[in-house]
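Structural features, examined
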Amino acid sequence: MEKRFLHIIASGFVFLSLLTACSTKKNTSGTRFYHAMTARFNTYFNGAEAFKEGVLEQQKGHKDNYTDLLPMYAVRNKSTAAMGKSNFETTIEKCEKAIKLHSIKARPKSNVNKRKTAKEKAYMARKEFNPFLRHAWLLMGKAQFQQGNFIEAASTFNYISGLYAGQPEIVSVARAYLARCYVELEWPYDAEDVFHKIQRDSTGSEGKREFNASYADYLIFVKQYKEAIPYLQKTVKKEKSKQQRARLNFLLGQLYHETGNKAEAYKALRRVIRANPPYELSFNARILQTEAMASGNHNKMVKRLRRMAKNKKNKDYQDQIYYAIGNIYLANQDTARCIGAYETGAKESTQNGIAKAMVLLRLGEIYWDKEDYINAQRCYAELVGILDKENEAYKEAERRSGILTELEPHLSAIKLQDSLQWLAKLPENERNEAIDKVIEALKKQEKEEARKAMQAEMAANMPKTPTATPTPPTGNRRAQAGASGQTGTWYFYNPSVVAQGKRQFQRTWGKRPLEDNWRRSHKNEDRTEDFGEYDYSEESDSLMAAQADSIALADSIAEAQERMADSLANDPHNREYYLQQIPFTEEQLQASNDILRDALYQAGILEMERLENFGLARRTLLRLIETFPDVADKDNVYYHLFLINGRLNDMAEAEQYKQRLIEEFPDSRYAIMLANPKYELYARQGKHIEDSLYAATYEAYGKNEYEEVFRNYSTSTSDFPEGAHRAKFMFIQAMSQLYGGERDSFLVTLKQVIEKYPKDEVTEIAQSIVKGIQEGRSLTDGKYAASDIWSRRSLTALQDSTAEAQQLSDERLSNFVFLLAYPENSLDEDQLLYEMALYNFTSFMVRNFDIDIVKSDGLAQMRVSGFLNYDEAHAYAQKLYADPHMSVVLKNIRSVIISESNLKLLGTVFSFEDYKKFYDEKFAPLQVPEDLRLDEPTSIEIRTPDDEPPAGDEEYEEEEEDTDSGIIF
C-alpha cells in the first residue's frame, strides 16, 4: 500500500514537472490542458468576477423611463453605461492578458501519411487551439458592450467570427452579439444582414438563446412589436437574472399593450408584480395595469389610480399617477379633464425627472394644438430645462420654446388689456365680484403653498431614525432646539412659520423698523421748542400741549391713511390693487390701446413668420387694422396679409391686399416689389435667378470688372432686397468699392453688412477688416475670395508679422490626420460618418482610428486621426479609395493628408489651396512602402515563461511562482 502511494506521488510530480515546461509554441494535449486551466483560473476568473460586479452596479444604479418602451439592455442609457467602468476595464485587461499568455496558434503534430476525416481536417484548420480562450474573447466583447463602446465591441465580435470560423456554435454567439451592437448603434440594415447569416448557418443552444434576445431587440427597434413578442417570450424564459427577467416581463406587457392585446398585457404585468421587484418597477407595473384593463372601465381605472395617489408611499410618484389618469381621459376624448390631470401631475411632482417631462410634453402639445400659446410657452420653457438633450423630443421642444418665448409677451399683453378694458365696461358690482374671485383664488393658492412649505420643512427637520433620548430639563429645551436646528413646538422655532408670519405682517402694516411705538408714524416728541422761550401760565401750557397733541394726531392720521392707501394699492389681496390698473379715464384707455396695438402687430407678424399658423396670423392682423385703422407700418401689415392669403390659397383676398398696398402706399418697398412685372417669376424661380446673378457678380469681381459688379448689385437691391445672398452681394460691393478707389463707401457698406446680417458667413471677415482699420492697421493689395471656401482664411489681409512668420512643416515622422472637407449642409453628414466608422472597424481589427467633425466658416472637416507618420496616413487613404463602395461615397469630397502641426495653420494662416501647393511639392513625390500594414497594433508585448515579471506586478509574480512550483490556480 505504501509503495503504491509513493508511486502515485512520484507520478504526480513527474506530471506537474512536465506541465511547467509547457509553451504556447507547442500544441499537445498537455499544453492545451495546461493553458486552458491556467487561463481559466489565473486570469479569466478574476475578469469574470469583475464583470459580474460591474453588471450588478449597473442594475442598482440604472433608472428606467417607464413612460416609454423599456430598452432591453440598460447600457443604451449613457449614464448607465458609465457605471461599473473600472470593473469592465479590469475584465478587458484580464481577458487580454489571458489571450496574450495562453493563445495557442501552432498546429498539433499529425501523421501526414494518415488520411484525415472531415472532422480532423476542420480541427487542423483552426486558428486557435486553446479550448477555453473562446470564453475570454466573448467576455471581453461583452465587457466592451456593457461599457457602451459598441463599435469596439462590434469589432471584437466580428474578429471572433473570423477567428473561430470553423466552429459554428461559437460563431453564432459572436454574431448574435455583433447584431446586438449594430442595433445599439442604430444600424438596422447591418444587423439584419447578420441575422440572415445566423439563420442560414447552424447554431448551438447558447447561440439560439442570444439570437432570440438580439432579434427581439432588433424588431422592437424597427417597431415590429407583434413580431418581437415571441422572441421576447423565449428570452424571458431563459433569463437567469431575477431583476432583468422582471424588466423584460414589463417590456413584454408594454408590447402587448401597444399591439392592443390588453389581456396578455395585464398577465405579463402581474408576473412583474409577483416577482417582488424594486418598488419603482412594481409601482409602474400597477400603473400600466390600469391602462390595460378592459375598455369601458375607465372610471374604475381612474378611481384605482386616485387611491394610489393618496397612498403615502407614492408621494414621489404623483406625476406618473396623474399622467396615467390624463392618458385615460385623453383616450376617452375628455380633453378638459385630461388637462386638469396633467396640470395636477406637473404641480404635485416632487422630482424634475423624465416623468414630469413627459407630463409637460403632453400638456404642451395639447395647448399648442388648442392655440393656447401662453400656457404652451410655460410648459415648453420648463420642459427644456428638464428633458435630456439626447431625447428625440428635445429638439422640437426647444424649437417651440424659442418661438413661444418671443410670442408669449405679446399674447399676454393682448389678453391683459382685453381683460382690463372688459372690466372697465362692467357695472361696479359685477366688476368687484370678478376682482373678489381673483383675490379669493390667490389666497387659496398662497394657503396651499404655505401648507406644503410647512410640511416640507417639518419633513426635512424630522429625525430620520427616532432614538430614545432622555427628556431634557425645561430650561434647556430652547437652547437644544436652537442648536440642533430641529423644528420645535414654539412658534419661533419653526423657520417656515416665522417667514410666513413676517409676510403677513408686511402685507398688513408694511415694512416697519424694530422699535418702540412701531404702530405710530410720529412718536411722542417734545414740541415746546417750536413755540420759543416764553413764560406761560399753567392754563396756557395745557392749551398749547393740547394743540400740539392735536396737530401731531392729525398728522399721524393723515400719514397713516396715506400709507394705508399705498399699502392697499400695492397689495394683490385688495381691490385697490386691481382697480388702479383698469383704464377708466380717456388717458388710461389710450395708454391701454397703445399697448394693445403694438402687441397685435408684433403677434401677427410672429404668428406668420415664426409660428407659421397662417389662420391665426390672419385673424390677428385683420383685428389690428379693423380696430386701429391708423396703425403705423400699415404697408407691412398689408404685405403680410397678401403673403398669408397666398399661403392659404385665397388668391382673391391676396390680390385685394396687393392692390390696397400699391394704391395706399405706392412708395413702400413692398409696393415697389409687388408692382414689379417680374414678381411672380421671382416668387417661383427667384432662388435660381438670384444664384445665377450672384455667380455672374462674383466672376466679374474676380476679373476686376467692378462696373459690372455695381450694376448687378443694383439689380439685386431692386429685385432681391431680402434674397439669400444679400449679405454676399453687399460684401462684394464693398470690396469692389475698395479696389475701385471708393474707400469711404467701402467702410460704410461693410458696417451695414455687420449690422444687418450678424450671422452670415461673410460677416466674420467684414468684422475683422473693420476692426483692423479701427486699430490703425493699413490695407494690403491682397484680394479676398468671398465665396471660394478653399481659398478662405480666418486671418484677413490685415495680418501682422508674427502671423506671416508661421510656416508649414515637411516633417514626415510625426502624427498625421486624414481629413475629408466639404461645405456645410452639402451632404448627409450622419450617413458619411456611418460609412467611415463602418469601414474602419471592419477593415482594421487592431488599430482604432478616432473620427471627429469640426465646422468653421461654412466648411466642415471630418478628421480621422491615429496615424503615427505620413506613410500610415497615405496607406490608409490608398486602401480607402481602393474600396469600390467607399470610392463612390467619397466622390466630390476633398481629402487631405496633413500633420497635426500643419492642421493648426490650415484655414487660418494658410488656405486649403495654399496647403495643396505645399503638399504637391513636399509630400507627393515621397516614396511610400507598398506593403505597409495598418491592421497591426502600434505596440506589441509578447511574454514567455522565461521572461522576468514586471517590477511591482504582484499578479505576474504570483503566477510565475505558482508555475515554477507546478501548481495551477
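Predicted model only: the values in this text are computed from it and were never measured.

Assigned secondary structure in the protein chain consists of 42 helices and four strands. Here the protein chain holds 969 residues, and 41% of them are scored as buried. The long-range fraction of contacts in the protein chain, counting pairs at least 24 apart against all pairs at least 6 apart in sequence, stands at 64%. Carbon and sulfur atoms make up 50% of the accessible area of the protein chain, which amounts to about 55800 Å² in all.

What follows concerns helix α38 (residues 870–882). Compared with an ideal rise of 1.5 Å per residue, which puts 13 residues at 18 Å, α38 spans 18 Å between its outermost C-alpha atoms and is within 8% of the ideal. Within the sequence span of α38, burial applies to Tyr 870, Asp 871, Glu 872, Ala 873, His 874, Ala 875, Tyr 876, Ala 877 and Leu 880. Buried positions along α38 lie against β1 (816–823), α37 (829–843), β3 (859–867), α39 (884–889), β4 (894–899) and α41 (912–922).

On inspection of all chains with the given rule, the structure shows 42 aromatic pairs. Plain terms: the ring middles of Phe 195 and Tyr 218 are 5.4 Å apart, the flat faces sit at 55° to each other, and that makes the pair tilted. Within this pair, whereas Phe 195 is found in helix α9 (residues 188–200), its partner Tyr 218 is found in helix α10 (residues 205–221), the two being separated by 23 residues in sequence. This pair shows no difference in class: Phe 195 is buried, exactly as Tyr 218 is. Clustering of aromatic rings is evident, with ring pairs tying together Phe 816, Tyr 870, Tyr 915, Phe 918, Tyr 919 and Phe 923. Sitting over the ring of Tyr 177, Arg 180 keeps its end group 4.4 Å from the ring centre.

On to the packing of helix α32 (residues 706–719) against helix α33 (residues 726–739). Closest axis-to-axis distance for the α32/α33 pair is 10 Å, and the angle between their directions is 150°. With respect to each other, α32 and α33 are oriented roughly antiparallel. The interaxial crossing formed by α32 with α33 has left-handed handedness. Contacts between α32 and α33 involve Tyr 706, Val 709, Phe 710, Asn 712, Tyr 713, Ser 716 and Thr 717 on the former and, on the latter, Arg 726, Phe 729, Met 730, Ile 732, Gln 733, Ser 736, Gln 737 and Tyr 739. Classifying every residue of the contact of α32 with α33 gives eight nonpolar, six polar and one charged.

Next up on the list: the pattern of salt bridges. Tallied over the full model, the rule gives 27 salt bridges. Measuring nitrogen to oxygen at the nearest pair gives 2.6 Å for the salt bridge that ties Arg 175 to Asp 201. Linking Arg 175 in helix α8 (residues 168–184) with Asp 201 in the loop between α9 and α10, this pair joins segments that are 26 residues apart in sequence. Note that Arg 209 and Glu 210 form a salt bridge whose closest N and O atoms lie 3.8 Å from each other. Residues joined in a network through salt bridges with shared partners are Arg 76, Glu 184 and Asp 217.

This next bit is on the environment of Tyr 380. Following the sequence through the fold, Tyr 380 ends up in helix α19 (residues 373–386). Note on Tyr 380: relative accessible area 2%, which makes it buried. For the pair formed by Tyr 380 and Leu 360, sequence separation is 20 residues and the distance between their alpha carbons is 7.1 Å. In contact with Tyr 380, not counting residues within four places along its chain, are Leu 361, Gly 364, Glu 365, Trp 368, Ala 397, Arg 400, Ser 401 and Leu 404. In this structure the side chain of Tyr 380 is engaged in a polar contact, spanning 2.7 Å, whose partner is the side chain of Arg 400.

With 14 residues, helix α6 (residues 133–146) should reach 20 Å at 1.5 Å per residue; the first-to-last C-alpha distance of 20 Å fits that figure. Taken across its 14 residues, α6 has twelve buried, putting it largely inside the fold. All buried positions along α6 are accounted for by Leu 133, Ala 136, Trp 137, Leu 138, Leu 139, Met 140, Gly 141, Lys 142, Ala 143, Gln 144, Phe 145 and Gln 146. If you follow the buried residues of α6, they end up packed against α2 (29–61), α3 (78–81), α4 (85–102), α7 (150–163) and α8. Residue Gly 148 follows α6 closely and has a positive phi angle near 85°.

This part takes up the packing of helix α20 (residues 394–425) against helix α26 (residues 586–609). The N-to-C vectors of α20 and α26 enclose an angle of 145°; their axes lie 8 Å apart at closest approach. α20 and α26 meet at a crossing whose hand is left-handed. Judged by residue contacts, Glu 406, Leu 407, His 410, Leu 411, Ala 413, Ile 414, Gln 417, Asp 418 and Gln 421 of α20 engage Leu 589, Ser 592, Asn 593, Ile 595, Leu 596, Ala 599, Leu 600, Gln 602, Ala 603, Leu 606 and Glu 607 from α26. Class assignment of the residues belonging to the contact of α20 with α26 gives a composition of eleven nonpolar, six polar and three charged.

Looking now at unusual backbone geometry. Even without glycine at this site, Glu 612 takes up a positive phi of about 60°. Position of Glu 612 relative to the elements: it lies in the loop between α26 and α27 (614–627). When its relative accessible area of 51% is taken as the criterion, Glu 612 is described as exposed. Phi is positive for Asn 649, close to 60°, though the residue is something other than glycine.

Relative to the assigned elements, Asp 193 resides in helix α9. In this structure the C-alpha to C-alpha distance between Asp 193 and Ala 179, which are 14 residues apart in sequence, comes to 8.5 Å.

What follows is about the side chain of Glu 128. Tracing the chain through its elements places Glu 128 in the loop between α5 (118–124) and α6. A distance of 2.5 Å separates polar atoms of two side chains, one belonging to Glu 128 and the other to Ser 103. At 3.0 Å, the side chain of Glu 128 and the backbone nitrogen of Ile 104 are in polar contact. When near neighbours in sequence (up to four residues on either side) are disregarded, Glu 128 contacts Ser 103, Ile 104, Lys 105, Leu 133, Leu 163 and Tyr 164.

Across the sheet, which stays open at both edges, the four strands sit in the order β2-β3-β1-β4 with antiparallel pairing between neighbours. Edge positions in the open sheet fall to β2 (850–856) and β4, since each of these has one partner strand only. Within this sheet the neighbouring strands show an average axis-to-axis angle of 25°, counted without direction. With six bridges connecting them, β1 and β4 associate as antiparallel partners. Across the sheet, the residue bridging to Leu 820 is Ser 895, located in β4. In the packing of α37 onto the sheet, the strands contacted are β1, β2 and β3, and the crossing angle to β3 comes to about 10°. Against the sheet, α41 contacts β1, β3 and β4, and its axis sits at roughly 65° relative to β4.

Turning to its location among the elements, Asp 319 is positioned in helix α16 (residues 318–331). When near neighbours in sequence (up to four residues on either side) are disregarded, Asp 319 contacts Gly 345, Ser 349, Gln 351, Ala 355, Lys 356 and Val 359.

On to the environment of Val 173, then. Within the secondary structure, Val 173 is located in helix α8. A residue is classified by how much of its surface remains accessible, and Val 173, at 1% relative accessible area, is buried. When the C-alpha atoms of Val 173 and Thr 203 are compared, they prove to be 8.1 Å apart, with 30 residues separating the residues in sequence.

On to the confidence of the model for the protein chain, then. Mean pLDDT for the protein chain: 80, with 77% of residues reaching 70 or above. When mean pLDDT is compared element by element in the protein chain, α27 scores highest at 94, while helix α42 (residues 954–965) scores lowest at 38. Under a pLDDT of 50 for its full length, residues 795–804 has, in the predicted model, 22 contacts with residues more than four places off or in other chains. In this model, residues 939–969 is a region of pLDDT below 50 whose contacts with residues beyond four sequence positions or in other chains number 42 contacts.

Scoring rules and cut-offs
Residues numbered from 1 in each chain as written. Predicted model: local features only at pLDDT ≥ 70, side-chain atom pairs only at ≥ 80, totals over all residues. Heavy atoms only, no water. Helix = DSSP H or I, 4+ residues; strand = E, 2+ residues; numbered from the N terminus. Buried < 20%, exposed > 50% of the residue type's maximum accessible area, 1.4 Å probe, protein only. Contact = heavy atoms within 4.5 Å. Areas by Shrake-Rupley, 256 points an atom, 1.4 Å probe, with all protein chains shown as cover. Expected span 1.5 Å × (residues − 1). Phe/Tyr/Trp six-rings, centres within 6.5 Å; stacked < 30°, edge-to-face > 60°. Lys NZ or Arg CZ within 6 Å of the ring centre and 35° of its normal. Axes fitted to C-alpha atoms, helices over the stretch in contact; angles between N-to-C directions. Parallel < 35°, antiparallel > 145°, perpendicular 65-115°, else oblique. Left-handed = near helix turned anticlockwise from the far one by under 90°. Nonpolar A, V, L, I, M, F, W, Y, C, P; charged D, E, K, R; others polar. Salt bridge = Lys/Arg side-chain N within 4 Å of Asp/Glu carboxyl O. Polar contact = N/O pair within 3.5 Å; in protein donor to acceptor, adjacent residues only side chain to side chain. Pairing = 2+ DSSP bridges. pLDDT = per-residue confidence, 0-100.

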